Amino acid sequence: MSSKLMNKAVKLLKAGGIPVYERGEEEYERSVATPNLLFRFSRPECVIQPETFLQVQNIIKQARSYKLEITIKGGGHSYAGHSTAFRGISLDLRKLNTVKLDIKSRVVNVDAGCQWGHVYKTLVNEQHDGYIVNGGRCPFVGVSGFILGGGLGPFTRSIGMGSDTLKEATLVTADGNLVTVKDSDDPKSNKGRLFWALRGAGGGNFGVMVNMKLKVHKLRGKDGIVVAGRYQWFPNSGMTDDFMATMNNFYTTEWPKLMTIDSTWICDLRRPLGDGVRFLIYYDGSKPDFDKIIDDHIQNSDLSQQLKRRSLPEKSTRFLHETLVSQWSEETTRAFPSNRTFSIYSSFVFRNDRAVVEKATSIIRDEMKSFRYRFTGEQVEFLVTWIHSGGKAREKKPSDTAFFWREAVYHTYITVEWEDKWMEWEMRRFLGNVKKKLRPLSLNGEAVFINFPDGAICTNAHERAYFGDNREELRRVKEIWDKDNFFKWSQGVQLPRSAEDDGRSAVDRPNEEELTDTIAGEHWKYFKTKNFKKDLDKLAALGL
């Protein structure tokens, strides 16, 4: 990529009144700041923050004309750094953040730079109790990435996937055109096929999403009441056989569709509590009905009692304003650039089959013991989060939308986090070993949820892992709307002619620790350039 061409494009965009920020400018530094220190040396040539759809069109036309690499950043962040620009242009959509709610038609119009907190505020501020938009559990999740990747919300089990609520999408295509596709489009038409693909294929594949219309749902609880809670269970006796039996029964229970219970297995060596499980509860109904369901389905009397005590009935607007934030306090903290940790992730897709669940929980317990033994005294954490799915989300066929893994009852993601950069090799090796044990239990022995992506998936295996049998149709849609592969990234949808053999090669790398320091090392090359001292001087002047 020629720096002369980049400079020329930047001058033209600035002359057109488009906000463009370069290295050392305050808005640039705020935009590239990351909550994951693996990406701490990310230094794209510029950050562009369009304020209108027309500006997005002009940016895409200029970038394509000058053959400039572009990375799309919506309102949130990608676990695997897919929205973090390492070079070229970072297209930061944060200024496209308008939300318009039409409660009569039960539709909310959302620009692509919004986070879910922006959307929830429209319900809260206007006191629309009893209504919900099926969005992210954490208010700092980006709307566009959530919807494009399928989307698991607190009420997915009773409403369906987040992408199932999409009614209309407007995006800027690779040729710079503004295109709107709808749920009413002929599914066999090019627009209809694009609409199909936008519901589950992830972002950055077919264009720049700039606006969405989403369905607003009516909750079933009387007077707009939901029951929500949080309980952290750290049993004094440890993870005994009784504990494991309780958890295995919990994961294999056929819960009512109105009940969602997420859980996270916690092994945090920075805290003295030992190992335990955190439960987050969402129930669309009354407290007496909730209590009865808990009594009927959880035999452990202590756990049953605590889940009932720690769950409160409240108006749905209060739930959106206060409870979601407090329930996901750790995720909220991780979303801010002030978070100073390194983290890597992977995910798995499970049914509630007992044989699979018992193997998975046994592996997790053993690995938590190993983690605590091997890394005693280190500032490290190992989390396994089971996001409760199933219910209504399972009613569509895998081919009905691009989101393929409809059989899932739990989307389970692993987080390994540390504070000392010298721990990366050990952390990657640990996660790699866990993945080798858990991957065969994931659907088809390969399934990964695209909204909990794994940046270390083997080359050319990601399409099978994310899209399953939908990958061939996604490639055909890609060829229709981006035949020159302008929107190209490492784990995106491939073109039919460039897709390599789909042989049953492993999804996970045999030696994940070989990736140690590769990200930071590659980014550090920038600091050998003549721009390094200039940037440092600018940062010092800004106090950054």
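This section reports on the structure supplied with the text. Being a predicted model, the structure only gives us computed values, none of them experimental.

1. Structural notes on the sheet that holds strand 4 (residues 89-92)
The mixed open sheet is built from four strands, whose spatial order is 1-2-4-3. The sheet terminates laterally at strand 1 (20-22) and strand 3 (70-73), the two strands that pair on one side only. In this sheet, adjacent strand axes meet at a mean angle of 25° when their direction is disregarded. Here four bridges tie strand 3 to strand 4, and the two strands are oriented parallel to one another.

2. Topic: the packing of aromatic side chains
A full pass over the atoms with the stated rule returns 28 aromatic pairs. Consider the rings of Phe250 and Phe279, whose centres lie 5.4 Å apart with planes at 75°: the pair is edge-to-face. Separated by 29 residues along the polypeptide, Phe250 in helix 8 (residues 241-252) and Phe279 in strand 14 (residues 276-283) bring together distant segments of the chain. Considering the side-chain rings of Tyr251 and Trp386, the 4.0 Å spacing of their centres and the 15° angle between planes classify their relative orientation as stacked. In this pair, Tyr251 is assigned in helix 8 and Trp386 in strand 17 (residues 380-388), connecting sequence segments 135 residues apart.

3. Some words on unusual backbone geometry
With phi around 60°, Asp223 is a residue other than glycine that occupies positive phi space. Along the polypeptide, Asp223 turns up in the loop between strand 11 (217-218) and strand 12 (225-233). Residue classification places Asp223 among the exposed residues on the basis of a relative accessible area of 53%. Not every positive phi belongs to a glycine, and Asp517 is a case in point at roughly 65°. If you trace the backbone, Asp517 turns up in the loop between helix 16 (471-481) and helix 17 (518-524).

4. Some thoughts on the packing of helix 7 (residues 190-198) against helix 16
The relative placement of two packed helices comes down to the angle between their axes together with the axis-to-axis distance. Between helix 7 and helix 16, the shortest axis-to-axis distance is 10 Å and the interhelical angle comes to 125°. In terms of their interaxial angle, helix 7 and helix 16 are classed as oblique. The element helix 7 and its partner helix 16 pack so that their crossing is left-handed. Here Asn190, Lys191, Arg193, Leu194, Trp196 and Ala197 of helix 7 lie close against helix 16, whose contacting residues are Glu473, Leu474, Arg476, Val477, Ile480 and Trp481. In terms of residue class, the contact of helix 7 with helix 16 is built from seven nonpolar, one polar and four charged.

5. A look at the environment of Lys218
Among the secondary structure elements, Lys218 is positioned in strand 11. C-alpha separation for the pair Lys218 and Ile159, spaced 59 residues apart in sequence, amounts to 9.6 Å. Dropping the residues within four chain positions of it, Lys218 is found in contact with Arg106, Gly130 and Tyr131.

6. Focus on empty space enclosed by the protein
By the definition in use, this model includes two cavities of 30 Å³ or more. There is about 90 Å³ of room inside the largest cavity. Ranked by residues supplied to the lining of the largest cavity, first place goes to helix 12 (residues 329-334) with three residues. Classifying every residue of the lining of the largest cavity by side-chain character gives four nonpolar, four polar and four charged. Roughly 30 Å³ of internal volume is contained in the second largest cavity. Contributing to the lining of the second largest cavity are Ile266, Arg271, Arg278, Glu330, Glu381 and Leu383. Residues of the lining of the second largest cavity, tallied by class, amount to two nonpolar, no polar and four charged.

7. Description of the nonpolar core
Formed by 102 residues in total, the largest nonpolar core has its most connected members in Phe206, Val208 and Leu214. Not counting residues within four places of it along the chain, the set of residues in contact with Phe206 comprises Leu171, Thr173, Leu194, Ala197, Leu198, Ala201, Leu474, Val477, Lys478, Trp481, Phe487 and Val493. Tyr231, Cys267, Phe279 and Tyr410 belong to the second-largest nonpolar core, a separate cluster that totals 55 residues.

8. Focus: the sheet that holds strand 9 (residues 178-182)
With antiparallel pairing, five strands are arranged side by side in an open sheet as 5-6-10-8-9. Two strands bound the open sheet, and with one partner strand each, they are strand 5 (99-102) and strand 9. Each adjacent strand pair in this sheet contributes to an overall mean axis angle of 10°, direction not counted. Pairing between strand 6 (residues 107-111) and strand 10 (residues 208-215): five bridges, direction antiparallel. Bridge assignment links Asp111 to a residue of strand 10, and that residue is Asn211.

Cut-off values and rules
- Residues numbered from 1 in each chain as written.
- Predicted model: local features only at pLDDT ≥ 70, side-chain atom pairs only at ≥ 80, totals over all residues.
- Heavy atoms only, no water.
- Pairing = 2+ DSSP bridges.
- Helix = DSSP H or I, 4+ residues; strand = E, 2+ residues; numbered from the N terminus.
- Axes fitted to C-alpha atoms, helices over the stretch in contact; angles between N-to-C directions.
- Phe/Tyr/Trp six-rings, centres within 6.5 Å; stacked < 30°, edge-to-face > 60°.
- Buried < 20%, exposed > 50% of the residue type's maximum accessible area, 1.4 Å probe, protein only.
- Parallel < 35°, antiparallel > 145°, perpendicular 65-115°, else oblique.
- Left-handed = near helix turned anticlockwise from the far one by under 90°.
- Contact = heavy atoms within 4.5 Å.
- Nonpolar A, V, L, I, M, F, W, Y, C, P; charged D, E, K, R; others polar.
- 1 Å grid on protein atoms, 1.4 Å probe; cavity = no way out; pocket = protein on both sides within 12 Å on 5 of 7 lines; lining within 4 Å.
- Points joined across faces, edges and corners; volume = space filled by probe spheres on them.
- Core = buried A, V, L, I, M, F, W, Y, C linked by side-chain atoms within 4.5 Å.

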